[in-house]
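# An overview of the molecular structure
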Amino acid sequence: MSNVDESQPLITHLVELRNRLLRCVICVVLVFVALVYFSNDIYHFVAAPLTAVMPKGATMIATNIQTPFFTPIKLTAIVAVFISVPYLLYQIWAFVAPALYQHEKRMIYPLLFSSTILFYCGVSFAYYVVFPFVFSFFTQTAPEGVAIATDISSYLDFALALFLAFGVCFEVPIAIILLCWTGVTTVKALSGKRPYIIVGAFFIGMLLTPPDIFSQTLLAVPMCLLFELGLLVARFYQPKDDESAVENNDESEKTE
């Protein structure tokens, strides 16, 4: 009888997890259905930084028969996930929140909000700052006699890779805050490693961006600035000496 009783909470959690995953899928599907009619317009918007700097008369091309249809659809599906991120994060939060203490919930709220904003900021920075600069450089340095005609599928893969790279790297402050909050490291220790962090930022820029110094620098410099921002905010998230007492109070609150 006890085994049956112990299995009930696990089954309840699995059912709740299934329901929340289903809601996430439904949200993404609904957004995709609402956007699919505009899939070509969405692709034109994403491709605008390249087409704006291409030589007069040059166009993008499709090397496969099915590419003109499937590439905008693929992009629309990714945009649907991108737009649904706040709702997806809410579902994740709603699933794990009951297991958190009250003071942990107060700390997680701003972290979830700021992580979403930072990811969007990273993607926007890539689109409005990095793309025009990088594409202008590439098109102007093409050898004489070389016609620039980028495949639309290749361009989408390139753009999505940069979007993801900048979106993730803009989460540096959140990573620093979590490391300091959980006690893995301290603000003082990270400050002492600043020279290594700067070198690491340029190394990451080299790995995640095209092999040119401009896009690497455009990723590394914001990462260094976000590192300093993370150090500044992490001072308010460092564990307190009386944290155990707070946890005991929270535990009593949960039992009540």
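Note that the structure is predicted; figures quoted are calculated from it, not measured.

### Structural notes on the nonpolar core
- Formed by 57 residues in total, the largest nonpolar core has its most connected members in Tyr-43, Met-60, Leu-75, Phe-131, Tyr-155, Phe-163 and Ile-176.
- Of all elements in the fold, only helix H1 (2–35), helix H2 (39–51), helix H3 (67–96), helix H4 (102–140), helix H5 (152–169), helix H6 (172–181), helix H7 (187–192) and helix H9 (213–234) reach the threshold of two or more residues within this core.
- At 10 residues, H4 tops the list of elements feeding residues into this core.
- Residues within four places of Ile-176 in sequence aside, it is in contact with Leu-190, Phe-227, Gly-230, Leu-231 and Ala-234.

### So, the side chain of Thr-76
- Turning to its location among the elements, Thr-76 is positioned in helix H3.
- Here Thr-76 falls in the buried class, since its relative accessible area comes to 0%.
- In this view, Thr-76 contacts Phe-32, Leu-35, Val-36, Ser-39 and Ile-42; residues no more than four positions away in its chain are not counted.

### Here's the deal with the pattern of salt bridges
- Summed over all chains, the structure comprises three salt bridges.
- Ionic pairing is found between Glu-16 and Arg-20, a salt bridge with its closest N-O pair at 3.3 Å. Of this pair, Glu-16 and Arg-20 both sit in helix H1, four residues apart, roughly one helical turn.
- For Arg-194, the salt bridge identified is with Glu-228, shortest N-O distance 2.6 Å. Taken together, the residues Arg-194 in helix H8 (residues 194–208) and Glu-228 in helix H9 connect sequence positions 34 residues apart.
- Relative accessible area serves as the criterion here: at 29%, Arg-194 is assigned to the partly exposed category.

What counts, and at which threshold
Residues numbered from 1 in each chain as written. Predicted model: local features only at pLDDT ≥ 70, side-chain atom pairs only at ≥ 80, totals over all residues. Heavy atoms only, no water. Core = buried A, V, L, I, M, F, W, Y, C linked by side-chain atoms within 4.5 Å. Buried < 20%, exposed > 50% of the residue type's maximum accessible area, 1.4 Å probe, protein only. Helix = DSSP H or I, 4+ residues; strand = E, 2+ residues; numbered from the N terminus. Contact = heavy atoms within 4.5 Å. Salt bridge = Lys/Arg side-chain N within 4 Å of Asp/Glu carboxyl O.

These figures come from the coordinates and say nothing about function on their own.
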